[in-house]
Each structure stands twice: as structure tokens, then as C-alpha cells.
Amino acid sequence: AAVAMAARLAREEGLLTGISAGAAVEAAVGLARKPENEGKLVVVIIPSFGERYLSTVLFQDIKEECEAMKPNNRIKVTDVAGREVFVPPL
């Protein structure tokens, strides 16, 4: 559930988070759905960033999607480690 939520945060909210953040948000959503919390504000602290997970299963589907794109539909960028990667255009 944590991995799925972290991937969802990246795809739907544009938040590059880690697995711990996915777990925290999943827990917050679970609490917010309880009847006793209806109408209440639920706050969650996002405890991790996702940059260290880019090469893991967390973003595997996004990586595969990018790799399947034709080169002329992708933009080449260099990450902070000096690696060249191709990403979809914004």
C-alpha cells in the first residue's frame, strides 16, 4: 500500500515522495475515512523524498513508459549524478 500510494502521489499530485511518505499518507487517508473524523482536518508530514527511489520498483512503471517512448518524443536530461536519462515532455 505504501509503494502504491507513493506512486499515486507522483502521478496524480506531482509529489516525488519516498515509500515512507506513501505509508504516512496511506495512514492519514485511512484515519480521514473513519466516521469519527468526518469534517475534521487531517494533517500528514511527508517524511521522505523520492529521488533515491527513481531506479527502484516504486517508479518502474514510469521508467518503462518513458523507455517505450520514441526518442523524438522524449527529452534528454542529466541528473545530479551526471547520468543521462530521457523523460517525457511536460
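Above this note sits the structure.
Residues numbered from 1 in each chain as written. Predicted model: local features only at pLDDT ≥ 70, side-chain atom pairs only at ≥ 80, totals over all residues. Heavy atoms only, no water.

S.K.: Quick rundown of the overall build of the protein chain? Include the residues and the values.
M.R.: The helix and strand inventory of the protein chain stands at 3 helices and 2 strands. Reading the secondary structure of the protein chain in the N-to-C direction produces α-α-α-β-β. Since a compact globule built from 90 residues should have a radius of gyration of about 12 Å, the 16 Å found for the protein chain marks it as more spread out than a globular shape. Judged by the C-alpha coordinates and their principal axes, the protein chain covers about 50 × 25 × 20 Å. By residue count, 21% of the 90 residues in the protein chain fall in the buried class. At a minimum sequence separation of 6, the contacts of the protein chain that also span at least 24 residues come to 41%. Split by element, the accessible area of the protein chain, about 6700 Å² in all, is 59% carbon and sulfur. One way to put it: in the protein chain the 11 positive side-chain charges average out to a point 2 Å from where the 12 negative ones average out. (Helix = DSSP H or I, 4+ residues; strand = E, 2+ residues; numbered from the N terminus. Rg over C-alpha atoms; globule rule 2.2 N^0.38 Å. Buried < 20%, exposed > 50% of the residue type's maximum accessible area, 1.4 Å probe, protein only. Contact = heavy atoms within 4.5 Å. Areas by Shrake-Rupley, 256 points an atom, 1.4 Å probe, with all protein chains shown as cover. Lys, Arg positive; Asp, Glu negative; His and termini not counted. Charge placed at Lys NZ, Arg CZ, Asp CG, Glu CD.)

S.K.: Please give an account of the environment of Ala7 that cites residues and values.
M.R.: Tracing the backbone through its elements, the reader meets Ala7 in helix H1 (residues 2-13). For Ala7 and Gln60, which are 53 residues apart along the polypeptide, the C-alpha to C-alpha distance reads 9.6 Å.

S.K.: How would you summarise a nonpolar patch on the surface if you had to cite specific residues and measurements?
M.R.: A cluster of nonpolar side chains, namely Leu15, Val44 and Ile46, defines an oily patch on the protein surface of about 210 Å² accessible area. Following the sequence through the fold, Val44 ends up in the loop between helix H2 (19-32) and helix H3 (60-68). (Patch = residues over 30% accessible without salt bridge, like charges linked within 9 Å, V, L, I, M, F, W, Y side chains within 5 Å. Salt bridge = Lys/Arg side-chain N within 4 Å of Asp/Glu carboxyl O.)

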